[in-house]
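# Coordinate inspection notes
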There are 4 protein chains.
Amino acid sequence: MAGNTFGTVFKITTFGETHGKSVGCIIDGCPAGLTLSEKDIQIDLNRRRPGQSDITTQRNEDDLVTIHSGVFKGKTTGTPIMLQVKNTDAKSHDYDTLKDVFRPSHADFTYSKKYGIRDFRGGGRASARETLARVAAGAVARKFLNKKTKMEIVAYVEQVKNIKSAVNIDTVTQKEVDATIIRCPDKEAAVKMIELINKIKSEGDSVGGIIRCVVRNIPVGLGEPVFDKLSATLGHAILSIPAVKGFEIGSGFDGILQNGSEHNDSYYSENGVVRTRTNNSGGIQGGISNGELVHFRVVFKPTSTIRKQQQTIDINKNTVELSASGRHDPCVLPRAVPIVEAMAALVLMDYYLLQKIYG
Amino acid sequence: MAGNTFGTVFKITTFGETHGKSVGCIIDGCPAGLTLSEKDIQIDLNRRRPGQSDITTQRNEDDLVTIHSGVFKGKTTGTPIMLQVKNTDAKSHDYDTLKDVFRPSHADFTYSKKYGIRDFRGGGRASARETLARVAAGAVARKFLNKKTKMEIVAYVEQVKNIKSAVNIDTVTQKEVDATIIRCPDKEAAVKMIELINKIKSEGDSVGGIIRCVVRNIPVGLGEPVFDKLSATLGHAILSIPAVKGFEIGSGFDGILQNGSEHNDSYYSENGVVRTRTNNSGGIQGGISNGELVHFRVVFKPTSTIRKQQQTIDINKNTVELSASGRHDPCVLPRAVPIVEAMAALVLMDYYLLQKIYG
Amino acid sequence: MAGNTFGTVFKITTFGETHGKSVGCIIDGCPAGLTLSEKDIQIDLNRRRPGQSDITTQRNEDDLVTIHSGVFKGKTTGTPIMLQVKNTDAKSHDYDTLKDVFRPSHADFTYSKKYGIRDFRGGGRASARETLARVAAGAVARKFLNKKTKMEIVAYVEQVKNIKSAVNIDTVTQKEVDATIIRCPDKEAAVKMIELINKIKSEGDSVGGIIRCVVRNIPVGLGEPVFDKLSATLGHAILSIPAVKGFEIGSGFDGILQNGSEHNDSYYSENGVVRTRTNNSGGIQGGISNGELVHFRVVFKPTSTIRKQQQTIDINKNTVELSASGRHDPCVLPRAVPIVEAMAALVLMDYYLLQKIYG
Amino acid sequence: MAGNTFGTVFKITTFGETHGKSVGCIIDGCPAGLTLSEKDIQIDLNRRRPGQSDITTQRNEDDLVTIHSGVFKGKTTGTPIMLQVKNTDAKSHDYDTLKDVFRPSHADFTYSKKYGIRDFRGGGRASARETLARVAAGAVARKFLNKKTKMEIVAYVEQVKNIKSAVNIDTVTQKEVDATIIRCPDKEAAVKMIELINKIKSEGDSVGGIIRCVVRNIPVGLGEPVFDKLSATLGHAILSIPAVKGFEIGSGFDGILQNGSEHNDSYYSENGVVRTRTNNSGGIQGGISNGELVHFRVVFKPTSTIRKQQQTIDINKNTVELSASGRHDPCVLPRAVPIVEAMAALVLMDYYLLQKIYG
């Protein structure tokens with residue numbers, strides 16, 4: 001109800017502020033018998049970790065995860081899995097200057113008004129550090145899905161500001177994605193993107209862009225109409241990531257340039273498997289997966305924290321000038337790639353398990 | 001879990017197939033004491049009703065709603081409100097020819113695979129007739145919100161295929177929207193849109209477009225971070241409407257053409273009220289409403305049912321030629337306007353009530 | 001949240017006041033493919049129906065159920081099943097004299113205070129007529145469980161006031177239970193119980209008693225620790241029935257007269273099946289079924305509505321004398337038997353489906 | 001779904017095995033602004049702690065709690081509160097002898113069958129150590145309720161085996177309860193109870209009993225009919241505590257010895273406040289609190305772990321002789337007192353917050 005739980009049968013509840021003692025989550029509903037170690041989770045956390053490259057934030061933390069429960073002799077037991085990461089780079093005194101300021105496009109004002117109180121250290125709960133717990137839980141879901149279904153989830157940076165890329169969504173791999181620090185598998189575009197980000201960074205400014213995500217080998221039948229269509233829950237999951245302003249699936253906004261006769265995905269039979277000739281639906285019809293590639297796009301606004309000077313007001317409604325003194329993250333996109341994948345994994349895991357009931 | 005419930009404290013559960021005995025819903029969690037009659041609900045149902053104009057489906061039903069419970073002497077009592085509309089235009093025999101066919105971009109194939117059985121009469125549960133219950137429930141939410149908060153929700157058709165409109169989102173009213181049969185308040189654009197739809201219709205084809213929705217007088221503080229951000233739940237609600245392929249809030253996909261320093265919404269104080277100079281956030285920051293106008297855009301793909309001939313396969317994987325023999329709906333957009341408003345109302349009602357707990 | 005939904009994956013939401021237009025429910029989450037007709041449901045409704053015998057209420061209604069959705073060509077489709085029964089004996093004018101009175105041990109006062117308004121016709125939503133929907137939904141669950149697992153649920157009247165019965169819980173059948181109008185399979189005790197009830201009835205008074213329920217052929221593994229132990233959810237379900245004041249499972253309150261060494265249920269192997277020598281646990285250990293007979297007892301207080309004169313106050317706090325002028329139900333126990341069975345069936349159905357995920 | 005979450009708006013999710021790294025919980029939905037420190041929680045944890053006296057288990061742990069999130073500068077912020085207690089007495093090697101044995105009336109067999117795997121160290125998740133998290137969360141709820149409503153929750157040991165006590169439920173205080181190590185405020189009975197427990201302990205056996213709980217100053221209107229009656233949810237909460245076999249409210253099982261005319265609680269007006277002359281209802285009518293004292297009774301079976309020799313089988317269905325070699329807890333009742341109070345507090349907190357919506 002208060003918004004810190006996601007999922008229905010594979011349910012995660014997250015906790016933690018960016019400068020509190022720790023961040024993490026409880027996973028309730030992971031089936032027993034899955035081989036699981038901290039290493040499995042650490043791999044994805046490292047892909048999300050700050051300080052990976054010059055184009056992301058320089059906050060320096062190892063983000064080492066500990067499994068506190070739910071795993072015994074290397075296997076999940078069906079009981080809650082608590083995952084915890086201690087905050088080690090939590091210098092609260094850095095933030096005292098910001099305690100009364102409403103930073104533009106941050107959650108400072110809305111949290112203050114909603115709760116009457118707010119942890120002002122680095123954004124507190126509203127910090128993107130909260131997504132660490134999502135990535136940790138997502139790693140568990142991905143391992144399970146991959147083992148049971150060969151399902152594969154790959155996200156990548158498709159566009160940074162106005163620089164677009166050309167990528168084959170049928171074949172792109174995580175290895176290709178991780179080959180560049182911007183996580184764009186089109187190498188030429190990647191070079192331009194990195195250049196742009198470095199320029200923007202030097203100006204103390206920030207930039208946004210688009211991540212595309214594809215899901216391969218998805219079983220037919222995932223999704224629960226009418227309100228919990230697979231597309232609707234994916235949208236919910238993705239739009240809950242900080243800085244996301246839009247989500248589109250399949251043909252998305254551009255699909256309206258076609259008429260119905262062009263847009264409709266005709267069925268045919270390929271070696272006895274029901275397929276569609278086109279995939280404007282993005283692998284989902286009537287809210288249920290049809291076995292085709294699921295693909296969707298996500299837009300991240302430019303990061304709100306910038307070093308450039310801005311005007312805003314404080315808690316007493318006095319005008320103040322503001323410029324982030326320390327590090328800032330000119331482009332969150334490469335670190336957002338594993339977050340998008342994690343949210344997709346959590347949704348798919350939930351629907352995969354649900355399908356065991358109703359299917 | 002099985003997907004037919006929406007909301008947490010103002011919770012609706014819908015039922016009904018397009019050619020079954022009736023469609024409707026139970027609203028659980030409506031506060032007691034609200035003055036409510038069937039007339040209040042009928043107004044919105046009439047805006048969604050088929051057969052309103054030449055550019056929509058010619059199915060002819062009155063869609064008269066009956067309140068079966070939860071209202072006593074003209075007021076809600078706090079107990080479940082059951083709303084029911086009988087299906088009167090349910091000629092099942094029309095559909096026998098379609099019983100084994102997987103219509104392109106319909107839910108025929110996915111329902112068959114998921115459930116092993118499917119009500120093939122007019123799409124059964126997957127028919128857009130299911131949205132009638134949403135509109136009925138949304139009418140109750142809107143009445144409550146309007147009474148308590150002066151909140152106003154206005155949606156309109158912004159674009160049909162490539163025909164765009166110019167509308168002032170700060171002032172647009174429902175009266176202006178309903179002045180044209182296409183529900184676009186830009187009268188010049190409306191004329192062109194209607195022309196286009198008539199042309200498409202005569203070709204037996206269909207067309208999609210974009211609806212924009214604005215919410216005025218929204219209280220500060222609605223939304224529950226981190227997973228149930230107001231934007232995420234709005235996205236979920238909207239993406240659960242049949243034919244929706246994308247959702248964007250505030251600056252949306254185009255927002256990435258700005259740098260952070262341009263995109264950030266600076267705070268200032270206007271007569272003691274905290275305001276933002278721009279509204280790229282779309283009235284939501286950190287997942288919580290900040291009191292500015294909430295505005296979002298929704299894309300509807302072209303309707304799947306067309307009269308033009310198409311190729312597809314049947315349940316035995318034989319290729320078949322298909323063309324909808326009867327009426328079809330060349331453009332769902334005008335009838336979708338009250339559906340978008342209803343889903344927004346349901347989300348806002350839920351968060352308004354939740355805010356009474358946590359606020 | 002507002003309390004009219006029960007279950008998690010086989011979820012029912014009920015509606016209706018005793019003198020409103022209709023009562024019923026939506027079942028969401030019934031698996032597709034179950035053969036289901038109105039007849040299957042009517043059997044249990046008839047066992048709950050008023051006017052069955054001299055010792056129950058004389059309200060006369062047929063309680064005929066209609067399936068409005070979710071069933072196509074005689075089988076469930078996986079979509080919501082709406083079940084509706086019209087109220088035909090709803091003479092509201094009978095109740096005008098009670099509209100301002102707080103009847104002793106009824107919900108009149110608490111509903112008035114909680115909601116500020118109340119449907120005073122015959123108790124409105126707080127009437128036991130609401131349980132009709134539970135029995136209808138329970139019939140669907142029972143049919144499914146019986147088909148899939150041979151699970152059998154039998155309840156019977158064990159005690160009326162101080163008259164106890166002796167029944168073999170391992171063998172008792174529904175046929176034996178229904179052989180007497182009091183639904184007590186110990187025929188000698190049944191005669192005494194009926195005599196007592198007739199005497200109490202002639203005095204314008206009412207009487208309570210105990211129902212025992214047994215569940216046979218329950219699969220091992222049902223129940224979700226730690227909060228949703230099978231025993232806890234059964235208790236929740238049973239304690240939600242009007243007039244229930246207590247619930248005990250296995251050895252219950254009397255179990256404390258034994259020491260641990262006597263009370264512990266020792267395991268042994270019987271033809272390769274793990275069994276326990278005693279069953280003080282009532283078939284549940286650690287909140288999970290162990291395959292032994294599940295058995296529990298439920299106490300119903302004497303009915304609140306009596307013809308005998310009583311003193312109470314009205315809404316203006318004036319003292320008033322009260323005596324139910326019309327029919328009253330001197331003993332709800334025989335009609336409560338199918339309600340207890342239905343609630344048990346709903347819980348077991350839910351856990352049976354859940355076990356398909358986690359098992 | 002998987003059973004480790006309790007509550008709807010004040011929602012706790014617990015984690016941890018008795019010999020894992022830590023145990024604890026996340027509270028999601030605690031309103032912002034509550035003054036809260038670890039000390040507030042430690043008080044109740046100390047009342048539950050093992051090793052308090054000779055008549056309970058000698059396991060020796062400090063059970064020191066740490067608040068990891070959700071509290072800033074001494075006040076709750078509205079974000080999730082993670083409470084953690086490290087396990088310091090976790091000698092896993094003690095338990096290797098039990099790894100293949102199904103201890104009588106323990107959860108060993110059912111966990112093994114349900115999950116296919118089980119943490120055999122001291123009962124793993126099924127250990128009563130799990131209740132530590134409930135007490136921690138309950139302490140937060142109690143503090144909030146006491147501050148807002150003066151609500152007071154007092155539980156005490158009413159009966160041990162056949163030794164009953166006489167206690168005035170209208171006046172009994174926690175101080176009186178905690179005055180004896182058995183937590184029975186009837187001092188004479190307490191002496192006899194302690195004697196009995198010491199005798200049973202010396203025999204290597206265990207004993208059960210009854211705890212009564214009273215709630216004073218409860219606001220009118222708490223509870224959500226029809227399925228989530230206050231009595232039903234209290235029953236659910238209490239029956240989820242390990243070793244509980246029964247729950248009764250108000251007149252409970254003995255109430256059936258009265259006729260309706262005796263059992264009904266007549267209303268009268270006392271200084272303008274609506275009161276009832278008797279309280280057989282236990283403060284709840286139609287599932288909603290009426291402002292009178294809420295009181296209920298809970299039966300705990302004798303502890304399953306005993307030193308006396310018992311026969312059972314192992315995982316290979318071989319008969320084995322078993323006797324707990326180390327410490328055992330001959331009577332859980334005194335330590336169960338704060339657990340019962342905590343569960344009551346969690347239910348009342350949830351309904352108190354819900355009432356802010358619907359009231």
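Below: a short report on this structure. Keep in mind it's a predicted model, so treat the numbers as computed, not measured.

### Topic: the overall build of chain A
Across its full length, chain A holds eight helices and 18 strands. In terms of overall dimensions, chain A is globule-like: its C-alpha atoms have a radius of gyration of 21 Å, near the 21 Å expected for 359 residues. Considered along the principal axes of its C-alpha atoms, chain A spans approximately 65 × 50 × 35 Å. The buried share of chain A, taken over its 359 residues, is 66%. Pairs at least 24 residues apart make up 71% of the contacts formed inside chain A by residues separated by at least 6 positions.

### Concerning the interface of chain C and chain D
At the junction of the two partners, chain C supplies 89 residues and chain D supplies 89 residues. Sort the elements by how many residues they give to the side of chain C that touches chain D and helix α6 (residues 230-239) of chain C lands first, with six residues. Its residues placed into classes, the side of chain C that touches chain D shows 33 nonpolar, 41 polar and 15 charged. In this structure, strand β11 (residues 244-249) of chain C lies alongside strand β11 (residues 244-249) of chain D, joined through three bridges in antiparallel fashion. Considered in β11(D), the bridge of E248(C) is made with G246(D).

### As for the relation of the copies chain C and chain D
Both copies of the chain are tied together by a single rotation about an axis and a shift running along it. Each copy of the sequence occupies a distinct position, and chain C is placed on chain D by a rotation of 180° and an axial shift of 0.0 Å, giving an RMSD of 0.0 Å. Accordingly, the operation relating the two chain copies is best matched by a two-fold axis. Within chain C, H236(C) has its C-alpha nearest the rotation axis, a separation of 2.4 Å. When you check the interface residues of chain C against chain D, 100% turn up at the interface there too, and the contact is symmetric in its surfaces.

### Re the relation of the copies chain A and chain D
With an RMSD of 0.0 Å, chain A superimposes on chain D once it is rotated by 180° and translated 0.0 Å along the axis. Interface overlap between copies: 100% of the residues of chain A at the interface are likewise at the interface in chain D, consistent with a symmetric, same-surface contact.

### A few points about the sheet that holds strand β2 (residues 11-15) of chain A
Residues and elements named next belong to chain A. The strand order β1-β2-β3-β7-β4 describes an open sheet built from five strands, whose pairing is antiparallel. Strands with a single pairing partner mark the edges of an open sheet, and in this sheet they are β1 (5-6) and β4 (65-67). Sheet topology note: the β1/β2 ladder contains two bridges and is antiparallel. Residue pairing in the sheet places T5 in a bridge with T13 of β2.

### Let's talk about the interface of chain A and chain D
Taken together, the 36 residues of chain A in the interface contact 36 residues of chain D. Going through the elements one at a time, β2 and β3 (22-28) of chain A are the ones with two or more residues in the side of chain A that touches chain D. In terms of residue count, the dominant contributor to the side of chain A that touches chain D is β2(A) (four residues). Its residues assigned to classes, the side of chain A that touches chain D shows 11 nonpolar, 17 polar and eight charged.

### Focus on the environment of R142(A)
All names here are of chain A. Along the chain, R142 turns up in helix α3 (residues 131-149). What makes R142 buried here is the crowd of 25 C-beta atoms within 10 Å. Along the backbone, R142 and I43 are 99 residues apart, and their C-alpha atoms lie at a distance of 12 Å. Once residues lying within four places of it in the same chain are set aside, the contact partners of R142 are I153 and A345.

### As for the sheet that holds strand β4 (residues 65-67) of chain D
Residue and element names in this part refer to chain D. The five strands lie next to each other as β1-β2-β3-β7-β4, forming an open sheet whose pairing is antiparallel. At either margin of the open sheet sits one strand with a lone partner, and together these are β1 (5-6) and β4. Relative to strand β7 (residues 81-86), β4 is paired through three bridges, and the arrangement is antiparallel. Its bridge partner lying in β7, V65 is registered against V85.

### Some details on the packing of helix α1 (residues 38-48) of chain D against helix α8 (residues 333-358) of chain D
Working note: a packed helix pair is described by the angle between its axes plus the distance between those axes. Residue and element names in this part refer to chain D. Packing of α1 against α8 brings their axes to within 7 Å, and their N-to-C directions diverge by 135°. Taken as axis vectors, α1 and α8 run oblique relative to one another. Where α1 approaches α8, its residues D44, R47 and R48 are matched on the opposing element by R335, P338, I339 and A342. Grouping the amino acids of the contact of α1 with α8 by side-chain chemistry returns three nonpolar, no polar and four charged.

### A closer look at the packing of helix α6 (residues 230-239) of chain A against helix α6 (residues 230-239) of chain B
Two numbers describe how α6(A) lies on α6(B): the axes approach to 8 Å, and their chain directions differ by 165°. Regarding the angle of α6(A) to α6(B), the classification is roughly antiparallel. The two elements α6(A) and α6(B) cross, and the hand of that crossing is right-handed. In contact with S231(A), A232(A), T233(A), G235(A), H236(A) and L239(A) of α6(A), α6(B) contributes S231(B), A232(B), T233(B), G235(B), H236(B) and L239(B). Per-class residue counts for the contact of α6(A) with α6(B) are four nonpolar, eight polar and no charged.

### Some points on unusual backbone geometry
Cis geometry is found at the peptide bond from P225(A) to V226(A), where omega equals 10°. Structurally, V226(A) can be placed in the loop between β10 (209-216) and α6. The residue K150(D) is not glycine, and still its phi comes out positive at about 65°. With respect to the element layout, K150(D) can be found in the loop between α3 (131-149) and β8 (152-160).

### Quick word on helix α2 (residues 108-115) of chain B
A large share of α2(B) lies buried, amounting to six of its eight residues. Those residues of α2(B) that are buried are in contact with β12 (267-270), β13 (273-276), β14 (284-285) and β15 (288-289) of chain A. Phi for G116(B), located one or two positions after α2(B), is positive at around 75°.

### Remarks on the pairing of strand β3 (residues 22-28) of chain C
Each regular strand shows side chains that alternate between the opposite faces of the sheet. Residue and element names in this part refer to chain C. In terms of burial, β3 is largely enclosed, as six of its seven residues are buried. Pairing of strand β2 (residues 11-15) with β3 involves five bridges; the strand directions are antiparallel. Note that in β3 the partner of K11 across the bridge is D28. Taken together, β2 and the strand that follows it, β3, pair antiparallel across an intervening segment of six residues, in which G16 is found at a positive phi of about 115°. As paired strands, β3 and strand β7 (residues 81-86) are joined by six bridges and run antiparallel to one another. Within β7, the residue paired with I27 across the bridge is I81.

So, how was this worked out
- Residues numbered from 1 in each chain as written.
- Chains lettered and ligands numbered in written order.
- Predicted model: local features only at pLDDT ≥ 70, side-chain atom pairs only at ≥ 80, totals over all residues.
- Helix = DSSP H or I, 4+ residues; strand = E, 2+ residues; numbered from the N terminus.
- Rg over C-alpha atoms; globule rule 2.2 N^0.38 Å.
- Buried ≥ 20, exposed ≤ 12 C-beta atoms within 10 Å, placed from the backbone.
- Contact = placed C-beta atoms within 7 Å.
- Nonpolar A, V, L, I, M, F, W, Y, C, P; charged D, E, K, R; others polar.
- Pairing = 2+ DSSP bridges.
- Least-squares fit on C-alpha atoms with pLDDT ≥ 70 in both.
- Axes fitted to C-alpha atoms, helices over the stretch in contact; angles between N-to-C directions.
- Parallel < 35°, antiparallel > 145°, perpendicular 65-115°, else oblique.
- Left-handed = near helix turned anticlockwise from the far one by under 90°.

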